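A closer look at the structure
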Amino acid sequence: MTMDSVSASITELPPATPHDHAPPESFLRKYVFSLDHKVIGKQYLGLGLIAVCTGMFLSWVMRYHLAFPDKAVPLIGWIAPTFAAGGVITPEFYLQLMTMHGTIMVFFVLTTAPFAGFGNFVLPIQVGAEDMAFPRFNMMSFWVTFVAFAVLVAAFFVPDGPPLSGWTAYAPLSAVGKSSGPGEGLGQTLWVIAIGIFCIGQLLGSLNFIATTLDLRAKGMTLARLPYSTWAWFITSMIGLIAFSVLLPACVLLLLDRVAGTSFFIPAGLVVSDAIQPHSGGSPLLWQHLFWFFGHPEVYIAIVPGFGIISTILPAVCRKPHLGPKVLIASQLAIAGLSYMVWGHHMFLSGMSPSSATLFSVPTLIITIPSAIITLLWLGTIYGSKLRLNTAALFCLGFVSVFVTGGLSGFFLSQPSIDTYLHGTYFVVGHFHFVMGVAAMFGIFAGTYFWFPKMFGRMMNETLGKWHFALTFIGVYATFMPMHWLGLEGNVRRYSSFPSDYMHGSLPLHRFITYSALFLGASQLIFLVNLIWSRFRGPVAPDNPWEATSLEWSTTSPPPFDNFGGVHPVVYHGPNEYGVSGPRGDYIMQTDPPVAAAPAATA
Amino acid sequence: MSMVKRMSPPSAARTGVWVGIGAITMSFAAYTSAMVVRHGSIPEWQHFTLPPILYWNSLVLVASSVTLEVARRRIGGPFDRLGHSETLLATKSREWLSWYRITLALSFAFLVGQYLAWQRLASEGVYLATSPSSSFFYVLTALHALHLVGGLAALVYALRCLRSDDGPRPVNVLAAAALYWHFMAVLWIYLLVVLALWV
Ligand code: HEM
Ligand SMILES: [Cu+2]
């Protein structure tokens, strides 16, 4: 164990008390119901991996059907004989696939992996703590999320299958029950319960992130010295705290409408499937407001951790300090605040008055300013640097690229008059896949290549990593860029196929997208192989392979049970000390002693 | 090299409760604003009079907050700025215990009173699904009761700590539980005002 940097700053430890916990012995306590934030972080990442594979598989079935509407989809007739007999995809089944794809991806991949996954593993170490503030809540947070996933997936196994109301579950169709379509019975009920449970899990997680950042920081770790990734997770948890506190009530009310006969979201005189619904006094728009009040902040829950990951990696690979650290944090705080004022831009077509639309359009345009500032800070950091072009760096560059691409289309969508045309089309699908799906995925990839050595004590293979990046980068542009054209042509979204109508001409482009999507999916096999191979056969990782500054690199790879091996780190520097001349070289770690000339510190 | 993880500092528990209070406030803000919006925009909104017992209940809940503070004062101090204490002056003397018991009794009385209020409404034919206003009434009161049961569990847990542990920990657990308990009373008063005005 090389602990040189830590031992330079040992402090007195308080005596042990009966409430301290020692490392667990049993398998169950160690790997399953673990209280250790490092294990919980890996559990979240594992859940994310299972979820992303499930979600991707669903998307292939949809894509295959869109490209070859008259052909049976291979395998699916065998996997799901009740829903797709003989591999035939009905419009209803298509919507069920789409709903599950969106729900799994948004909640169980883009929220769990970058925020709960990496955040759990890295944040306590980066602030110099031994664990999260409330380890029991932390364990509950994961297992509650796991149960939510199980409940959601259970919808595949109930008689009518999963719901078909989309990841946004618009009322009143999501509220009236069976009569509004297959899967709108038990399937939709399971969906509501799953999302409600998920909210509880994420609230517990946010609580922990906030208390840990505020109260468990090591000596000398002022707020100004927090690494950017910790800042990002901290800001994300504040966004999440408010957002999930609103989605949870929305789910409770929707569930009551479904099972207890209330009418929160169902208006009087509603006729569904030729039957008048026995409800009165509710409002479908209320659901949209509650959902999008959560929904827009949710997109920032998915992306802000990515901001933090990129801002942490970039200085380390550029070997120069991040440009404008204070502006960077301020911009993220501005985004967090503004994200609660823009939800109406998802509802321009809900019949709102033009003046309300303007009221939502203006903050939507304003929110692009902090996003643009952050992007410029990244570019300025990269500009003129001696970039170490490893895989993590490549995914950072890729992140900037796809985030800008997606952000630009958002700019169009934020004008109500343009959105009136584009709202129901593939243009929006292209927009959010770039800015949310792909950008957040690139953040996850960058984080994986960067922190894998710390998590598992082994390096990942760089050659495979670079191939993975190159093919993924080509794949995402080939898959999602053409969707903007489809949207401009008027190709509507959420339709299962366009074989014989005015959109017939778009079929070749749909085929191209499908081929690209399969190519993109296949490229991920390289990543999986790299993960598994490196986990067992990768070269042993040093403590600080990237010559980075933050605290996780001052302990062993992987860190010991209590993170710092019985010592308490003391922090003397900010995380941004790159491109300087210190005893180690061109960087100073946060725990390095303040006097630059410390000969003993170089091992 | 010791490899144990130490207990989180008491300030973390405080932060935790405050963050929890923030989340609960936000979710009740969502429910009540949904209700106010619904009230404003549908013609068939039916008003009904709140069962009078609710007002008595409010007094009971506020009283429980007061008795809890009395018990806390007697348990000992000195408290620091955050309400933490290094010493447990009076645990041996037990004179706080009766105040603590009164607090628990009052909180049970509150829950029973809420249940009676529901029964009263049900006897008048006002159920969860009767009208939008009754739906909001039941949802808000039920969720408040649910959160209150959580606070009650925290108070019982704090009592157990006070009886079994001598260090600073019981006082800190109690400080966190008491903060949450007072918030429950404030939340109830807010809900009562909102319900009185809109349902
Ligand atoms: C650069 C600033 C951004 C602007 C101006 C913007 C604008 C918009 C607008 C106006 C819409 C509504 C389009 C419609 O439904 O007709 C929209 C949809 C969407 N945006 Fe953005 N956006 C921005 C950034 C982001 C980010 C950063 C994310 C995610 C990380 C994101 C994710 C989404 C999603 C998921 C939807 C579609 C939801 C759905 O209908 O299913 N956007 N965006
Ligand atoms: Cu939005």
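Cut-offs used in this document
Residues numbered from 1 in each chain as written. Chains lettered and ligands numbered in written order. Predicted model: local features only at pLDDT ≥ 70, side-chain atom pairs only at ≥ 80, totals over all residues. Heavy atoms only, no water. Helix = DSSP H or I, 4+ residues; strand = E, 2+ residues; numbered from the N terminus. Buried < 20%, exposed > 50% of the residue type's maximum accessible area, 1.4 Å probe, protein only. Contact = heavy atoms within 4.5 Å. Areas by Shrake-Rupley, 256 points an atom, 1.4 Å probe, with all protein chains shown as cover. Expected span 1.5 Å × (residues − 1). 1 Å grid on protein atoms, 1.4 Å probe; cavity = no way out; pocket = protein on both sides within 12 Å on 5 of 7 lines; lining within 4 Å. Points joined across faces, edges and corners; volume = space filled by probe spheres on them. Nonpolar A, V, L, I, M, F, W, Y, C, P; charged D, E, K, R; others polar. Donors = N, O, S within 2.8 Å, 3.2 Å for Na, K, Ca; no water. Phe/Tyr/Trp six-rings, centres within 6.5 Å; stacked < 30°, edge-to-face > 60°. Lys NZ or Arg CZ within 6 Å of the ring centre and 35° of its normal. pLDDT = per-residue confidence, 0-100. Salt bridge = Lys/Arg side-chain N within 4 Å of Asp/Glu carboxyl O. Polar contact = N/O pair within 3.5 Å; in protein donor to acceptor, adjacent residues only side chain to side chain. Buried area = accessible area lost by both parts, 1.4 Å probe. Lys, Arg positive; Asp, Glu negative; His and termini not counted.

**Considering the overall build of chain B**
The number of helices and strands found in chain B is 5 helices and 0 strands. In chain B, which comprises 199 residues, the proportion classed as buried is 53%. Excluding contacts between residues fewer than 6 apart, the proportion of contacts in chain B whose partners are at least 24 apart in sequence is 80%. Of the roughly 9,000 Å² that chain B leaves accessible, carbon and sulfur atoms contribute 69%.

**With respect to helix H8 (residues 186–215) of chain A**
Between the first and last C-alpha of H8(A) there are 44 Å, a value that for 30 residues agrees with the 44 Å anticipated at 1.5 Å per step. Of all the 30 residues making up H8(A), 25 are buried; the element is thus mostly covered by neighbouring parts of the structure.

**Section: empty space enclosed by the protein**
Residue and element names in this part refer to chain A. Summed over the entire model, instances satisfying the criterion amount to 3 cavities of 30 Å³ or more. Within this model, the largest cavity holds a volume of roughly 70 Å³. Along its surface, the largest cavity is lined by Pro227, Tyr228, Ser311, Thr312, Pro315, Thr549, Ser550, Pro575 and Tyr578. Residue contributions to the lining of the largest cavity peak at 3 residues, all from helix H10 (residues 284–318). Looking at the lining of the largest cavity, its residues break down into 5 nonpolar, 4 polar and no charged.

**Describing the coordination of the iron atom of ligand 1**
Four donors placed tetrahedrally about a metal ideally form angles of 109.5 degrees, and six donors placed octahedrally ideally form angles of 90 or 180 degrees. For the iron atom of ligand 1, the sole protein-derived donor is His431(A) (NE2), lying 2.1 Å away. Inspection of the secondary structure assignment puts His431(A) in helix H15 (residues 426–456).

**Some points on the packing of aromatic side chains**
In this structure the tally under the stated criterion is 60 aromatic pairs over all chains. On the basis of an interplanar angle of 45° and a centroid distance of 5.1 Å, the ring pair of Phe395(A) and Phe445(A) is categorised as tilted. Here the residue Phe395(A) occupies a position in helix H13 (residues 391–413), and Phe445(A) occupies one in helix H15, the gap between them amounting to 50 residues. With respect to burial, Phe395(A) and Phe445(A) carry one shared label: buried. The ring of Phe561(A) carries the charged tip of Lys5(B) above its face, separated from the ring centre by 4.2 Å.

**A look at the confidence of the model for chain B**
All names here are of chain B. With 88% of its residues at a pLDDT of 70 or more, chain B has an overall mean of 87. Long-range and interchain partners of residues 80–84, a stretch whose pLDDT sits below 50, account for 11 contacts in this model, where long-range means more than four residues apart. Overall fold confidence for the complex sits at a pTM of 0.93, while the interface term, ipTM, reaches 0.92.

**Thoughts on the pattern of salt bridges**
In total, this model carries 10 salt bridges over all chains according to the counting rule given. Across the pair Arg6(B) and Glu130(A) runs a salt bridge whose closest N-O atoms are separated by 2.1 Å. Of the two residues, Arg6(B) sits in the segment before helix H1 (10–41) while Glu130(A) sits in the loop between helix H6 (112–127) and helix H7 (135–154), which places them in two different chains. Since its relative accessible area comes to 17%, Arg6(B) is described here as buried. One salt bridge connects Glu69(B) with Arg73(B), and the closest N-O pair in it is separated by 3.4 Å. On the criterion of helical spacing, the pair formed by Glu69(B) and Arg73(B) is a turn pair, its members being 4 residues apart in helix H2 (residues 53–75). With a relative accessible area of 19%, Glu69(B) lands in the buried category. Several salt bridges converge on common partners, so that one network encompasses Asp36(A), Lys38(A), Asp131(A) and Lys5(B).

**Quick look at the coordination of the copper ion (ligand 2)**
Residues and elements named next belong to chain A. Protein ligation of the copper ion (ligand 2) involves His296 (ND1), His345 (NE2) and His346 (NE2), the donor distances falling in the range 1.8 to 2.0 Å. Spacing between the donor residues of the copper ion (ligand 2) along the chain follows H-x48-H-H. Between the two metal centres, the copper ion (ligand 2) and the iron atom of ligand 1, the spacing is 4.5 Å. One end of the pair, His296, is in helix H10; the other, His345, is in the loop between helix H11 (325–338) and helix H12 (354–382), and 49 residues separate them in sequence.

**Notes on the side chain of Thr405(A)**
Residues and elements named next belong to chain A. Here Thr405 lies in helix H13. Engagement of the side chain of Thr405 in a polar contact is seen with the backbone oxygen of Ser401, the distance being 2.9 Å. Of note is the side chain of Thr405, whose polar atom sits 2.7 Å from the side chain of Tyr477. Once residues lying within four places of it in the same chain are set aside, the contact partners of Thr405 are Phe434, Tyr477 and Met481.

**What to know about the interface of chain A and chain B**
Counting residues at the interface gives 48 residues for chain A and 33 residues for chain B. For the pairing of chain A and chain B, the buried interface totals around 3,300 Å² over both sides, and the portion due to carbon and sulfur atoms is 69%. For the pair chain A and chain B, the interface holds 3 salt bridges. Measuring nitrogen to oxygen at the nearest pair gives 3.1 Å for the salt bridge that ties Asp36(A) to Lys5(B). Inspection of the region where chain A meets chain B yields 11 residue pairs in polar contact (both at pLDDT 80 or more). No other element matches the 8 residues that helix H9 (residues 228–259) of chain A contributes to the side of chain A that touches chain B. Tallied by class, the residues present in the side of chain A that touches chain B amount to 28 nonpolar, 13 polar and 7 charged.

**Observations concerning the confidence of the model for chain A**
Residue and element names in this part refer to chain A. The share of residues in chain A with pLDDT of 70 or more is 95%, and the mean pLDDT across the chain is 93. Confidence, expressed as mean pLDDT per element, reaches its minimum in chain A at helix H1 (residues 4–7) with 41 and its maximum at H6 with 98. Across residues 1–13, confidence stays below pLDDT 50; counting only partners more than four residues off in sequence or on other chains, it has 29 contacts.

**A word on the environment of Asn491(A)**
Residue and element names in this part refer to chain A. Positionally, Asn491 belongs in the loop between helix H16 (462–488) and helix H17 (507–537). Asn491 gets classed as buried once you look at its relative accessible area, which sits at 0%. Sequence spacing of Asn491 and Ser506 is 15 residues, and the spatial spacing of their C-alpha atoms is 7.9 Å. Non-local contacts of Asn491, meaning those with residues more than four positions away in its chain, are made with Gly424, Thr425, Tyr426, Leu486, Phe498, Met503, Ser506 and His510. There is a polar contact of 3.2 Å between the side chain of Asn491 and the side chain of Ser506. Here His510 takes part through its side chain, which lies 2.9 Å from a polar atom of the side chain of Asn491.

**Some details on the side chain of Asp257(A)**
Residue and element names in this part refer to chain A. Mapped onto the elements, Asp257 comes out in helix H9. Comment: no salt bridge for buried Asp257; closest opposite-charge side chain is Arg258, at 9.0 Å. A polar contact is formed between the side chain of Asp257 and the backbone nitrogen of Phe264, at a distance of 2.7 Å. Contact partners of Asp257, with chain neighbours within four places excluded, come to Ala175, Thr262, Ser263, Phe264, Phe265, Ile266 and His279.

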